[in-house]
Amino acid sequence: ILEGEALVIKNSNLIAKLDRGAFVAEIGFITNQPATADVVPDDTVIYIEWSKQTIEKMERSRPEIENKLMMILSKDLINKLKDSKNKDIDDEQKE
């Protein structure tokens, strides 16, 4: 996401908000599995989209890209997990 905010919806529940710098569909990309949630724009969202085929072509032409991409996606997932854990703690404290 370059600009704006997107909402992550699972089972009709808002589970996260994504903003500038966040990746979307990284779990499906890494695992080759279908999406685990829906992502919808909260308002106007500007983003870059690469097809799996485009990424694979880049990786073949420049193998070092694969390691860098996996590192970037791993950091993104770690940050999302931390945010999710903090949200769970905040929710528990409100109860």
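Above this text you will find the structure in question.
Counting restarts for each chain: residues are numbered from 1 in the order of the written sequence. Two thresholds apply to this predicted model, a pLDDT of at least 70 for residue-level local features and 80 or more for giving and counting side-chain atom pairs, whereas whole-chain, interface and lining totals are computed over all residues. Calculation of side-chain values draws on the structure's entire complement of heavy atoms; hydrogens and water are dropped beforehand.

1. Some points on a nonpolar patch on the surface
Where we set the bar: Nonpolar side chains (Val, Leu, Ile, Met, Phe, Trp, Tyr) are joined into patches within 5 Å and like charges within 9 Å, using only residues with over 30% relative accessible area and no salt bridge. Surface accessibility follows the Shrake-Rupley procedure with a 1.4 Å probe radius. Residue values consider only the protein chains on display as shielding. Any Lys or Arg side-chain nitrogen found within 4 Å of a carboxyl oxygen on Asp or Glu counts as a salt bridge. Helix numbering and strand numbering both begin at the N terminus, where a helix is a DSSP run of H or I of at least 4 residues and a strand a DSSP run of E of at least 2.
A cluster of nonpolar side chains, Leu2, Ile46, Ile48, Trp50 and Met58, forms an exposed patch at the surface whose accessible area comes to about 450 Å². Within the secondary structure, tryptophan 50 sits in the loop between strand S3 (38-41) and helix H2 (52-61).

2. Considering the environment of leucine 14
Rule in force here: Whether a residue is buried, partly exposed or exposed follows from its accessible area with a 1.4 Å probe, protein chains only, as a fraction of its type maximum: under 20%, in between, or over 50%, in that order. Any two residues whose heavy atoms approach within 4.5 Å at even a single point are treated as in contact.
Position of leucine 14 among the secondary structure elements: in strand S2 (residues 13-18). Leucine 14 sits in the partly exposed class, given a relative accessible area of 43%. Sequence spacing of leucine 14 and valine 39 is 25 residues, and the spatial spacing of their C-alpha atoms is 9.7 Å. Leaving out residues up to four positions away in the same chain, leucine 14 has contacts with Leu7, Val8 and Ile9.

3. Observations regarding the pattern of salt bridges
Using the criterion set out here, one finds 3 salt bridges in the structure. The salt bridge involving arginine 62 is made with glutamate 64; its shortest N-O contact spans 2.9 Å. A salt bridge links lysine 80 to aspartate 76, with the nearest nitrogen and oxygen atoms 2.8 Å apart. Note that lysine 80 and aspartate 76 are positioned in helix H3 (residues 64-94) at a spacing of 4 residues, about one turn of the helix. On the basis of relative accessible area, aspartate 76 is assigned to the buried category, the value being 10%.

None of the figures reported here should be taken as evidence of function without further support.
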